[in-house]
Amino acid sequence: MAAIATSSIDTSTTAVLRHPPSQPPSHRRPEERRSQLLRQYTSLLRTAPLMVLFQHNNLQSVEWTAIRRELNQALRKADEQQVAEGRNLPPIASRIKLQIVQTGIFEVALRIVECFRPNGQTARLSGAVDPPKQSSAEIPDDTASLTHDLSRVVHDSIMNHKGKHELSTLLTGPLAIISFPHVSPEHLKASLSILSPKTTKFSAPTRKANPGYHDITVQEGLQKLMFLAARVDGEVFDIDGTKWIGSIEGGMDGLRVQLIAALQSMGSGIASALEGASKSLYLTLESRRSVLEAEEKDTPEKGEL
Amino acid sequence: MICQRCRSNLLSRLHLQHVSKYPSLLQRPVLSPNLRRYSSLPLKTMTPPSPQSGLQSISIPSAIASFPPEAPQISQPINTPAPVQSSVDSEDPTNPVVKRDSSSCFAGTRLLGLNYMKNKPDVVALEDSDYPHWLWGLLDGSEKQSNSVSGGVDISKMTKKERKRHGKKMALLAKSQPRKIPLHEQSIDITPAPYNLPEGKTNGDITQAVESLGQRSKITKSARAARRRSIKESNFLRGL
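Keep in mind that this is a model prediction, so the values were computed, not measured.

### Here's the deal with a positive patch on the surface
Line of reasoning, step 1. A cluster of basic residues, Arg 33 of chain A together with Lys 221, Arg 224, Arg 227, Arg 228 and Lys 232 of chain B, forms a positive patch at the surface.
Line of reasoning, step 2. Within the secondary structure, Arg 227 of chain B sits in helix α10 (residues 206-239).

### So, the sheet that holds strand β5 (residues 235-237) of chain A
Residue and element names in this part refer to chain A.
Line of reasoning, step 1. Taken in spatial order, the 5 strands make up an open sheet running β2-β3-β1-β4-β5, and their pairing is antiparallel. Here the strands that pair on one side only, and so sit at the sheet edges, are β2 (97-101) and β5. Strand-to-strand, the axes of this sheet are offset by a mean angle of 25°, without reference to chain direction.
Line of reasoning, step 2. One ladder, built from 6 bridges, connects strand β1 (residues 50-56) with strand β3 (residues 175-180); its direction is antiparallel. The partner of Leu 53 across the bridge, within β3, is Ile 177.
Line of reasoning, step 3. Packing of helix α3 (residues 61-84) onto the sheet brings it into contact with β1, β2, β3 and β4 (225-232), and relative to β2 it is tilted by some 150°.

### Digging into the pattern of salt bridges
Residues and elements named next belong to chain A.
Line of reasoning, step 1. Under the counting rule described, the total for this entry stands at 13 salt bridges over all chains.
Line of reasoning, step 2. A salt bridge links Glu 32 to Arg 29; its shortest N-O distance comes to 3.3 Å.
Line of reasoning, step 3. Judged by relative accessible area, which is 53%, Arg 29 ranks as exposed.
Line of reasoning, step 4. Between Arg 87 and Glu 186 there is a salt bridge, with its nearest N and O atoms 2.3 Å apart.

### Some remarks on helix α9 (residues 160-176) of chain B
Line of reasoning, step 1. The end-to-end C-alpha distance of α9 of chain B is 25 Å, a good match for the 24 Å that 17 residues give at a rise of 1.5 Å each.
Line of reasoning, step 2. In terms of burial, α9 of chain B is largely open, as just 1 of its 17 residues are buried.

### Re the nonpolar core
Nonpolar side chains tend to gather and get buried jointly when the protein is soluble and globular.
Line of reasoning, step 1. By size, the foremost hydrophobic cluster in this structure holds 33 residues, and its most contacted members are Val 52, Phe 54, Ile 178 and Leu 195 of chain A.
Line of reasoning, step 2. Looking at this core, the element that brings in the most residues is α3 of chain A, giving 7 residues.
Line of reasoning, step 3. By size, the runner-up hydrophobic cluster in this structure holds 27 residues, among which are Phe 106, Phe 116 and Leu 150 of chain A together with Ala 193 of chain B.

### Quick word on the packing of helix α2 (residues 33-47) of chain A against α10 of chain B
Line of reasoning, step 1. At a minimum axis separation of 10 Å, α2 of chain A and α10 of chain B run at an interaxial angle of 165°. Taken together, the axis directions place α2 of chain A and α10 of chain B in an arrangement best described as roughly antiparallel. Relative to α10 of chain B, α2 of chain A is oriented so that their crossing is left-handed. On the side of α2 of chain A, the interface is formed by Gln 36, Arg 39, Gln 40, Ser 43, Leu 44 and Thr 47 of chain A, while α10 of chain B contributes Gln 208, Ala 209, Ser 212, Arg 216, Ile 219 and Thr 220 of chain B.

### Some points on the packing of α2 of chain A against helix α4 (residues 103-115) of chain A
Residues and elements named next belong to chain A.
Line of reasoning, step 1. Two elements in contact, α2 and α4, have axes separated by 9 Å at closest approach and are oriented at 50°. Between α2 and α4, the angle falls in the class oblique. At the point where α2 passes α4, the crossing takes the right-handed sense. Contact with α2, carried on its side by Arg 34, Leu 37, Leu 38, Tyr 41, Thr 42, Leu 45 and Arg 46, involves Ile 105, Phe 106, Val 108, Ala 109, Leu 110, Ile 112 and Val 113 of α4 and no other residues of that element.
Line of reasoning, step 2. Across the contact of α2 with α4, the residue classes break down as 11 nonpolar, 1 polar and 2 charged.

### Points about the packing of aromatic side chains
Line of reasoning, step 1. Summed over the entire model, instances satisfying the criterion amount to 4 aromatic pairs over all chains.
Line of reasoning, step 2. Relative to Tyr 195 of chain B, the ring of Phe 116 of chain A lies with its centre 5.4 Å away and its plane at 75°, an arrangement referred to as edge-to-face. Here Phe 116 of chain A is found in the loop between α4 and α5 (121-129), whereas its partner Tyr 195 of chain B is found in the loop between α9 and α10 on a different chain.
Line of reasoning, step 3. Using a relative accessible area of 11% as the deciding quantity, one classes Tyr 195 of chain B as buried.

### Focus: the confidence of the model for chain B
Line of reasoning, step 1. On average, chain B scores 69 in pLDDT, and the residues at 70 or more come to 52%.
Line of reasoning, step 2. The ipTM value of the predicted complex is 0.73, and its pTM value is 0.60.

### Regarding the confidence of the model for chain A
All names here are of chain A.
Line of reasoning, step 1. Here chain A averages 84 in pLDDT, while 84% of its residues score no lower than 70.
Line of reasoning, step 2. In the predicted structure, residues 1-15 sits below a pLDDT of 50 and forms 3 contacts with residues beyond four places in sequence or in another chain.
Line of reasoning, step 3. Considering only residues more than four positions removed or in separate chains, one finds that residues 120-140, a stretch of pLDDT under 50, has 13 contacts.

### Some thoughts on the interface of chain A and chain B
Size of an interface, as often reported, equals the accessible area lost when the parts are brought together.
Line of reasoning, step 1. Contact with chain A, which involves 31 residues of that partner, is made by 23 residues of chain B.
Line of reasoning, step 2. When chain A packs against chain B, the two sides together hide about 2400 Å² of surface, and 54% of this comes from carbon and sulfur.
Line of reasoning, step 3. In terms of surface lost to chain B, no three residues of chain A exceed Arg 39, Gln 40 and Arg 46 of chain A, which account for 26% of the buried area on that side.
Line of reasoning, step 4. For the pair chain A and chain B, the interface holds 0 salt bridges.
Line of reasoning, step 5. There are 16 residue pairs in polar contact (both at pLDDT 80 or more) connecting chain A and chain B.
Line of reasoning, step 6. For the side of chain A that touches chain B, the elements supplying multiple residues, two or more each, are α2 and α5 of chain A.
Line of reasoning, step 7. Counting residues per element, the side of chain A that touches chain B draws most heavily on α2 of chain A, at 7 residues.
Line of reasoning, step 8. Broken down by class, the residue content of the side of chain A that touches chain B amounts to 12 nonpolar, 11 polar and 8 charged.

What counts, and where the lines are drawn
- Residues numbered from 1 in each chain as written.
- Chains lettered and ligands numbered in written order.
- Predicted model: local features only at pLDDT ≥ 70, side-chain atom pairs only at ≥ 80, totals over all residues.
- Heavy atoms only, no water.
- Patch = residues over 30% accessible without salt bridge, like charges linked within 9 Å, V, L, I, M, F, W, Y side chains within 5 Å.
- Areas by Shrake-Rupley, 256 points an atom, 1.4 Å probe, with all protein chains shown as cover.
- Salt bridge = Lys/Arg side-chain N within 4 Å of Asp/Glu carboxyl O.
- Lys, Arg positive; Asp, Glu negative; His and termini not counted.
- Charge placed at Lys NZ, Arg CZ, Asp CG, Glu CD.
- Helix = DSSP H or I, 4+ residues; strand = E, 2+ residues; numbered from the N terminus.
- Pairing = 2+ DSSP bridges.
- Axes fitted to C-alpha atoms, helices over the stretch in contact; angles between N-to-C directions.
- Contact = heavy atoms within 4.5 Å.
- Buried < 20%, exposed > 50% of the residue type's maximum accessible area, 1.4 Å probe, protein only.
- Expected span 1.5 Å × (residues − 1).
- Core = buried A, V, L, I, M, F, W, Y, C linked by side-chain atoms within 4.5 Å.
- Parallel < 35°, antiparallel > 145°, perpendicular 65-115°, else oblique.
- Left-handed = near helix turned anticlockwise from the far one by under 90°.
- Nonpolar A, V, L, I, M, F, W, Y, C, P; charged D, E, K, R; others polar.
- Phe/Tyr/Trp six-rings, centres within 6.5 Å; stacked < 30°, edge-to-face > 60°.
- pLDDT = per-residue confidence, 0-100.
- Buried area = accessible area lost by both parts, 1.4 Å probe.
- Polar contact = N/O pair within 3.5 Å; in protein donor to acceptor, adjacent residues only side chain to side chain.

What follows is the structure, encoded as structure tokens:
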């Protein structure tokens, strides 16, 4: 009887999934919009190594449209320039997105991505491996082992980090971000020259080159858009740092070239310094030898005399 | 050279049509069942008006070969326009791997009703080999696909009663299955964190960024569609 009971429990635990595979139990209900936004923001933060934060103050939809139009144009130009220079990078103009985010949810997503690290991974594994212990009593344990972004574990652990992230002081008020799928200084420069040419000193397109940019709609919209900060590979950059990244010529390859040049010059410097010591030693020894030789020559002459 | 040939070809055909005393026999290839093998579509939709279609169908080689021997006086003059037949024959060795039906529209046929552009010459059919290869397989998969969608059952061939019964059965089956969770109600990570990834997998490349971007927009769209549906539903219920 007991054997039958245990076997039935075993089959139930193995056969029945406690939750749908695409909907593991979560702290907040996944049907809600904020849960979905949180999912999207964590994904955005994980896949966008470069993003720039702006504050937007009551931009109208026509202004957004006009700004996005100008931005797309500039980014496509940057793509073309990349191709013309012969660097085989994928065109990313269509993947760069300027979007409004819900500040509060974005802040939470940032904390999840940057602050949460599971320390109980071994515990989760042991719970999954041991089959006879998986009874109804252990269901809360099972949910406790889940560490997806909406899970209770993650929610509880990031509660302590509220306001401790270095971006958290900036994350107030209406927020818009522009996200790049990889760190591309050219595209950053192109977008900043459209969105905030005055603060970053990247020259905006001239009236002659691009009359659409000097449209009153675009200009009024840009006045209401304020540069806040940039986030590059998890690091926060202010205006000067962002300007520096945007001014890297030739993208990551250009940076590598600069590094190699620096290393080479440093190497040659070291070599010349090391050589210099040995050279001076050689020279002193040589001079000493010549002096000695001269003395030796002098002495026999004296002996003869 | 080809034009000249075509002209003589046409002339001989026209001559034949006027002279022929057996119009019923001339029309026969159109109706004959062995012609059906050559085009999956009914001939009338593929070919321009009837006098021409009658003429074209005659020049299909196997149609000629399968002509009953009791009509020699017609098959004799028809055999004279050789070029079309030879072109069809010469096409086979070039493409021996894929054996497909030849088009019912011969090269040089004026395609009526396709001349959409103003001040442009009429659209003229090309050689079979000039069309892309996927064109010939367009109709092959459609039946199979529709069958696979409805579980190997062709609903269009059912009677009304059978269709109703089938619908009820499928609804019951769908009820017994667990609910399919829409994209905007899932709680699984879109881009899993590194600590949730299986061993040996890393994230952070551009393809993943592109993928996640697509998924995010899909979620937004799915949520939007659901919202619209619910609004419509509530509006309808309020109107009752």
